[in-house]
Amino acid sequence: MSTTFQLDTATSRAHPTPAPMKRLTVPAIQRRKFEGKTEEPLVMLTAYTARQAQLLDQHCDMLLVGDSLGQVIYGLPSTLQVTLDMMIAHGAAVVRGSYHSVVVVDMPFGAYEASPQQAFAAASRIMAETGCAAVKLEGGQAMAETIAFLTRRGIPVMAHVGLTPQAVNALGGYGARGRSQEEHAKIIADGQAVADAGAFAVVVEGVVEPIAVSLTQSVEIPVIGIGASARCDGQVLVTEDMLGMFERVPRFVKKYGDLAGFITETAAKYAEEVRARTFPGVEQTYQPK
Ligand code: KIV
């Protein structure tokens, strides 16, 4: 059965019919990994808008309002230009559009690295102004103190290690990480540090597969892979990448659709009909009684 939506203009919420499943919680996500194993892998996709959230919600356990929206939505060269206000606006839209998934909002570059106090100020704004359930931040051992500070104050944190796009200038690019013994050990230590600090889950991005597998086996919290391994506790992808919105995508993306092709063909049909004056037709025009 397909879902329809009724817009409540007072709250800006679109209520789905039939009524959706109950919203998952952060502890429920964490419990999906039991005695070191996740029976059914966790499903996470990025979402940036209310309508996108409505369409993805029932299929996901978590929706990530990723700072990748800088490139995907705003055409920025990297995530470094994304602001807290941008994350809050999109985070609130995704919470309004979802009823089931745990919504996690990325902390943007510059909003949390200076101190645990700075991170708390940014994270508490994100939580209060969006209604999301958790925040995500990039960094391993260097962020452990901040993660402990936030979690002790009631802010669930998802960590992000391996290829951390906000550190693109320090890393020298977006290539896969962990090919040297030294890098391998550092990424495992980062994952262990964020788990010990109280993160409820950790994203591991763009690493050679053995790192993803050994991190998944060595920490108690769910490890969500992207460009990592099918043996992680769950997977995340940028929705527009997997829908086929872009010609060029990272090697680890599987395109499940061809949205770019669909949009281009549909726009061409529309343009043709406008130029031929066949749109609007009788069905789309109002006639006097
Ligand atoms: O910003 C983002 O979309 C992310 C995912 C790629 C994990 O951090």
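Our subject is the structure that appears above.
Undergrad: Help me get a handle on the site of the ligand, residues and values and all.
TA: For the ligand, the full set of nearby residues is Thr46, Leu64, Gly66, Asp67, Ser68, Asp106, Lys136, His160, Ile226, Val236 and Val238. Take Lys136: an N or O atom from its side chain is 2.9 Å from an oxygen atom of the ligand. Protein contacts shield 94% of the accessible area of the ligand, which totals 260 Å² for the unbound molecule. For the shell around the ligand, the class distribution of residues is four nonpolar, four polar and three charged.

Undergrad: Tell me about the pairing of strand β12 (residues 234-237), residues and numbers included.
TA: Here strand β5 (residues 42-46) pairs with β12 via four bridges, running parallel. Residue pairing for β12: Leu45 is matched across the bridge by Leu237. As defined by bridge partners, strand β11 (residues 223-226) adjoins β12 across two bridges and the pair is classed as parallel. Each residue of the ladder has a partner; that of Gly225, found in β12, is Gln235.

Undergrad: Can you tell me about the pattern of salt bridges, naming the residues and giving the values?
TA: Considering all chains together, one arrives at eight salt bridges under this definition. For Glu183, the salt bridge identified is with Arg177, shortest N-O distance 3.2 Å. For Arg177, a relative accessible area of 15% gives the class buried. With a shortest N-O distance of 2.8 Å, Asp190 and Lys186 are connected by a salt bridge. Of this pair, Asp190 and Lys186 both sit in helix α8 (residues 181-197), four residues apart, which is roughly one turn of the helix.

Undergrad: Can you lay out the sheet that holds strand β10 (residues 201-205) for me, pointing to particular residues and giving the numbers?
TA: Around the barrel, which closes on itself, the eight strands sit in the order β5-β6-β7-β8-β9-β10-β11-β12 with parallel pairing between neighbours. Each adjacent strand pair in this sheet contributes to an overall mean axis angle of 25 degrees, direction not counted. Note that β5 and strand β6 (residues 62-65) share three bridges and pair parallel. Looking at the pairing, Met44 lines up with Met62 of β6. Along the sheet, helix α5 (residues 116-130) contacts β7 (102-106) and β8 (134-138); its crossing angle with β8, the most-contacted strand, is approximately 145 degrees.

Undergrad: Go over the pairing of β10, please, and point to the residues and values.
TA: In terms of residue burial, β10 counts as a mostly covered element, since five of its five residues are buried. Of the two faces of β10, the one holding Ala201, Val203 and Glu205 and the one holding Val202 and Val204 are both buried throughout. Here β10 pairs with β11 via four bridges, running parallel. Each bridged residue has a counterpart across the sheet, and for Val202 the counterpart in β11 is Val223. Chirality of the crossover, the property in question, places the unit of β10, helix α9 (residues 209-218) and β11 among those that are right-handed.

Thresholds applied
Residues numbered from 1 in each chain as written. Predicted model: local features only at pLDDT ≥ 70, side-chain atom pairs only at ≥ 80, totals over all residues. Heavy atoms only, no water. Near = heavy atom within 4 Å. Polar contact = N/O pair within 3.5 Å; in protein donor to acceptor, adjacent residues only side chain to side chain. Areas by Shrake-Rupley, 256 points an atom, 1.4 Å probe, with all protein chains shown as cover. Nonpolar A, V, L, I, M, F, W, Y, C, P; charged D, E, K, R; others polar. Pairing = 2+ DSSP bridges. Helix = DSSP H or I, 4+ residues; strand = E, 2+ residues; numbered from the N terminus. Salt bridge = Lys/Arg side-chain N within 4 Å of Asp/Glu carboxyl O. Buried < 20%, exposed > 50% of the residue type's maximum accessible area, 1.4 Å probe, protein only. Axes fitted to C-alpha atoms, helices over the stretch in contact; angles between N-to-C directions. Contact = heavy atoms within 4.5 Å. Right-handed = clockwise from strand over helix to strand, strands pointing away.

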